[in-house]
Amino acid sequence: MARVVPDVTGLDKQFDYLVPPDLADQVRVGTMVRVGLAGRRVGGWVVGLGPPAEDLPLERLRPLAKVTGQGPAGELIDLAGWASWRWAAGRLRPFLGTASPARAVPALPVAARSAATPGPVDPGGARLARTGGGVLRRPPSADPVPIVLAAAAAGPVLVVTPALDGARLLGARLRRAGLTVAVVPKDWAAAAGGVDVVLGARAAAWAPMPRLGAAVVLDEHDEALQEERSPTWHARDVVLERARRAGAPCLLVSPVPSLATLSSGAALEVPSRNEERAGWPILEVVDRTQEEPWRRSLISSRLLRYLVDPDRLVVCVLNAPGRARRLACRSCRALQRCERCQAAVAQVREGGLRCARCGVERPVVCQSCGASALAALRPGVSALRNQLESAAGRPVVEVTGADPAGNLAPAEVYVGTEAVLHRVPHADVVAFLDFDDELLAPRFRADEQALALLARAARLLGPRSDGGRLLVQTRLPRHEVLDAVLHADPGRLTAAALARRAELDLPPVSALAVVSDAGAEAMVDELRRAPGVRVSGPADGRYLVRAADASTLADAFASTPRPHARVRIEVDPPRV
């Protein structure tokens, strides 16, 4: 008898089927099959094998219709069971689908592993690989190849990166170094057969490997490693659990390690101060504190000097879409911030200011000087490209996330949202025209996300010796995020950020989930009865569910029955 999970959306049950004698030698746990269900044939995965129960009438069981091909190995099916608990999914199907090949694989190729690991290795990575793994902090311009080579010395290595394009480029370099490489999902069969390095984007956390010798997660701080759809699983946590089960070291690599990683107790390996400073570009901070708060021009004299320089490729970043309006005092020019969580406040009704992050309200009064006359800061996003073009005297290309990838027009000046940092391969100057939108964003991870944005920009500029300039225009020149980049020491942000999270009871100090949609109210009514769980809300139809740790939160969701109405659960939401 085979227990099968059907590949049918919304169906979370497992069904038993008989294994025909002519298919017995092809069926194992993880095999992809076709079965009859409700009058039609559907795909599915075998998640268990065994004799039928003695009291089960065999004539009621239908046989498997067909074996489609190879699927995820048994250990990945077990890992999917853990993931369905960890991210409150209660379903195996989304994870089994991610772990499966895009096309049918009838048989696996012969393993193709090289005899040795060539090339120079990262000494810190080699130390962590020998001692069981940890966190490698490396500057944005650091080469990931020596890190992967250090991990490969322990055996076949799994590498997960935020973007598939980056995985392909890294794979090409590793092949030139003499290693056999499979980039998933395209090379799923080769990865299952056995190679030196299996790598890919987020879904590579579920890539097949006959034996896991070591694992590497590059840019573990990057939000692209987390699935936006429910279940909101994170590739970093999946790889960590997978490596733990295999007894393999796991290296988490980042120029700005996330607070979740740093607070986990993992060993931290940092470069020397000289090496880290050399790996970050020079930061130039344009202090706009003394300017009139209603001044709408985003082109400072410092930026203008770079715009008119024909020898410099300039990238201008303005994350205008979806940002809250900011206010400044007309008298003392101070930005209006929440006294509790330090986010920007907005005037949401006549006579009141409200923080979009924590909901605290106060009268329209400047907390610095007591004046009541405030000015709204509204950068002219639609006219910005024309303004830059007039100032620079050369063409300016606008780039947004809606633009198709790989279709970047050549130019000497680019402007756009943060998507431009992923489309332009190199720059001489990266200018954030109004970085306060990032520093004061109404999200509890705003400080981490702002630091990650600067690290991404620093990668475009290269090391300090290349002469690139990271230009930041702000009214908060002494903010701890800018201080961390100025000194090329991301650790300067950690203590202050963790203290704020502790005061607000936010991750990584606690575990957090967001429950929304039509069945949210019914579900949180049940969750309130679970031990160790705190529920707040609703706000905009969403409830916040907190617990002391991820295990307590997962157990609470696992023990709570799902309502009949649709409900969406976001565990570890990145942008709340």
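This write-up is about the structure you can find in this document. (Residues numbered from 1 in each chain as written. Predicted model: local features only at pLDDT ≥ 70, side-chain atom pairs only at ≥ 80, totals over all residues. Heavy atoms only, no water.)

1. Brief notes about the nonpolar core
So, point 1. If you look at the biggest cluster of nonpolar residues, it comprises 59 residues, and the most contacted ones within it are Trp206 and Phe557.
So, point 2. No other element matches the 6 residues that helix H1 (residues 74–86) contributes to this core.
So, point 3. Sequence-distant contacts of Trp206, that is, excluding residues within four places in its chain, are made with Leu76, Leu79, Ala80, Ala83, Phe95, Thr98, Ala99, Trp233, Val238 and Arg242.
So, point 4. Among the nonpolar cores identified, the runner-up in size contains 42 residues, and Val430, Leu460, Val481 and Val485 belong to it. (Core = buried A, V, L, I, M, F, W, Y, C linked by side-chain atoms within 4.5 Å. Buried < 20%, exposed > 50% of the residue type's maximum accessible area, 1.4 Å probe, protein only. Helix = DSSP H or I, 4+ residues; strand = E, 2+ residues; numbered from the N terminus. Contact = heavy atoms within 4.5 Å.)

2. Thoughts on the pattern of salt bridges
So, point 1. Evaluated as defined, the whole model comprises 41 salt bridges.
So, point 2. Residue Arg229 is joined to Glu227 by a salt bridge in which the shortest nitrogen-to-oxygen separation is 3.1 Å.
So, point 3. With a shortest N-O distance of 4.0 Å, Asp489 and Arg492 are connected by a salt bridge.
So, point 4. In this structure, a network of salt bridges that share partners links the residues Arg137, Arg273, Glu276, Asp483, Asp489 and Arg492. (Salt bridge = Lys/Arg side-chain N within 4 Å of Asp/Glu carboxyl O.)

3. Considerations on the packing of aromatic side chains
So, point 1. The tally for this structure, following the rule as stated, stands at 4 aromatic pairs.
So, point 2. Arranged with centres 5.5 Å apart and planes meeting at 85°, the rings of Trp82 and Trp87 form a pair that is edge-to-face. Both residues of the pair, Trp82 and Trp87, count as buried.
So, point 3. With centroids separated by 5.1 Å and ring planes inclined at 70°, the aromatic side chains of Phe432 and Phe435 adopt a geometry described as edge-to-face. As far as the burial class goes, Phe432 and Phe435 line up, both buried. (Phe/Tyr/Trp six-rings, centres within 6.5 Å; stacked < 30°, edge-to-face > 60°.)

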